[in-house]
Amino acid sequence: MRVGLLGLGRIGAFHAATLAAHPLVDELIVADPVRTSPHGRPGDAFEADAVVIATPTSTHAELLIEACRRGIPAFCEKPAAVGVKETLEVLAASRGNRVRIGFQRRFDPGYVSAATALRDGELGELHRIHMITADPAPPPAEYIPLSGGIFRDCHIHDFDILRWVTGQEVAWVYAAGANRGADFFRQAGDVDNSAALLGLDDGTLVTLQGSRYNGAGYDVRMELAGSKGTRAVGLGPRAPMRSTEGLQPPGEPWPDFVTRFEQAYVDEIDGFLRDDPRLCSVEEALAALYIAEAAELSRREDRPVQLAEVWR
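Structural notes, computed from the coordinates. (Residues numbered from 1 in each chain as written. Predicted model: local features only at pLDDT ≥ 70, side-chain atom pairs only at ≥ 80, totals over all residues. Heavy atoms only, no water.)

### Description of the environment of Asp 201
Then step 1. As for its position among the elements, Asp 201 is in the loop between strand 8 (193-200) and strand 9 (205-211).
Then step 2. As a C-alpha pair, Asp 201 and Val 170 span 31 residues in sequence and 6.0 Å in three-dimensional space.
Then step 3. Residues within four places of Asp 201 in sequence aside, it is in contact with Gln 168, Glu 169, Val 170 and Ala 171. (Helix = DSSP H or I, 4+ residues; strand = E, 2+ residues; numbered from the N terminus. Contact = heavy atoms within 4.5 Å.)

In structure tokens:
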């Protein structure tokens, strides 16, 4: 098949290498509507059999709607759009079209194993969950005002994988944040350290922590505790932590998200080409965004927020 790729940034370049080496791809058409590209124009990419979108967030909605207008299957890095209103527009356009949003943790073996263990009853009745997403260093200062904040930009991955692993919906959120680093987070109305307590529909409690300044390395974990057992994701040989009891992971800590989820990104693109059911739909991406919206509202107003308050 002929595949169009829009976006030549870090993750776009990674996808380009994956697509170029894929046995199902006969021709790769590369273009970048933001950067100057000698490889093609945005319109050329829409003449392919499918399109992969890895452009800045502000362009996602327009490009996805154009793909739907042309009837081309589309894969787009998260999020589907900058906000709820625009995501609803993408959702309306995607009816009858195959549009998938990139949440690569669904293809990571650890999260897949956790979901299987929970579904097969190995953990018994689920009682509580703990999640962490912590970056070793913050994004560039100019990115933060456009990011939507730590809950929409970073923790939306946690919200998606929480729904996917448990099969449950979030009922309420109580979130908080702190500024412990550079002033540009505070100036943008954002925080660089985060925490939240969430309640699932079935009563399961979820705790969440995050940071833009995790000096030990890139740390992403999920712990599920049930009546029969506990399963942890992210406690491998490159986990960025040291135990005071001497249990030190033998490998170098993960330096960043691309390295940590490299194979998951490859498998996700393969899944798009083969229509893997694990891929995130626009409806599911919207559900994760609603949780992020509730968390940000909770942080700003310092109160628990029911998900029903942000539904539109």
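### A short note on the packing of aromatic side chains
Then step 1. For the structure shown, the criterion picks out 5 aromatic pairs.
Then step 2. Where Phe 185 meets Tyr 213, the ring centres are 6.2 Å apart and the plane angle is 70 degrees; that geometry is what we call edge-to-face. Here Tyr 213 lies in the loop between strand 9 and strand 10 (219-226) and Phe 185 lies in helix 9 (residues 183-187), a separation of 28 residues in the sequence.
Then step 3. By relative accessible area, which is 0% here, Phe 185 ends up buried.
Then step 4. Relative to Tyr 265, the ring of Phe 257 lies with its centre 6.5 Å away and its plane at 65 degrees, an arrangement referred to as edge-to-face.
Then step 5. Three or more aromatic residues joined by ring pairs form one cluster here, namely Phe 14, Phe 257 and Tyr 265.
Then step 6. A cation sits over an aromatic face here: Arg 238 above Trp 254, 4.2 Å from the ring centre.
Then step 7. The positively charged end of Arg 260 is found above the aromatic ring belonging to Phe 261, 4.3 Å away from the centroid. (Phe/Tyr/Trp six-rings, centres within 6.5 Å; stacked < 30°, edge-to-face > 60°. Buried < 20%, exposed > 50% of the residue type's maximum accessible area, 1.4 Å probe, protein only. Lys NZ or Arg CZ within 6 Å of the ring centre and 35° of its normal.)

### What to know about the state of the cysteines
When the sulfur atoms of two cysteines share a covalent bond, that bond is a disulfide.
Then step 1. Inspection of every chain in the model, using the stated rule, returns 0 disulfides.
Then step 2. For Cys 154, which is in no disulfide, the shortest distance to another cysteine sulfur is to Cys 280 and amounts to 16 Å. (Disulfide = S-S within 2.5 Å.)

### A few points about the pattern of salt bridges
Then step 1. Scanning the entire structure with this criterion turns up 27 salt bridges.
Then step 2. A salt bridge links Glu 284 to Arg 106; its shortest N-O distance comes to 3.4 Å. Of the two residues, Glu 284 is situated in helix 12 (residues 282-301) and Arg 106 in the loop between strand 5 (99-102) and helix 5 (109-119); the sequence distance between them amounts to 178 residues.
Then step 3. What makes Glu 284 partly exposed here is its relative accessible area of 24%.
Then step 4. The class for Arg 106 is buried, based on a relative accessible area of 1%.
Then step 5. Put simply, Asp 270 and Arg 274 hold a salt bridge, and the shortest N to O gap is 2.7 Å. Taken together, the residues Asp 270 and Arg 274, both in helix 11 (residues 262-274) and 4 residues apart, mark about one turn of the helix.
Then step 6. One connected set of salt bridges, linked through shared partners, spans Lys 78, Asp 135, Asp 153 and Arg 212. (Salt bridge = Lys/Arg side-chain N within 4 Å of Asp/Glu carboxyl O.)

### Considering the side chain of His 130
Then step 1. For His 130, the location among the structural elements is in strand 6 (residues 126-134).
Then step 2. Looking at His 130, its side chain comes within polar contact range of the side chain of Thr 207, at 2.7 Å.
Then step 3. When sequence neighbours within four positions are dropped, the list of residues in contact with His 130 reads Thr 207, Leu 208, Gln 209, Arg 221, Met 222 and Glu 223. (Polar contact = N/O pair within 3.5 Å; in protein donor to acceptor, adjacent residues only side chain to side chain.)

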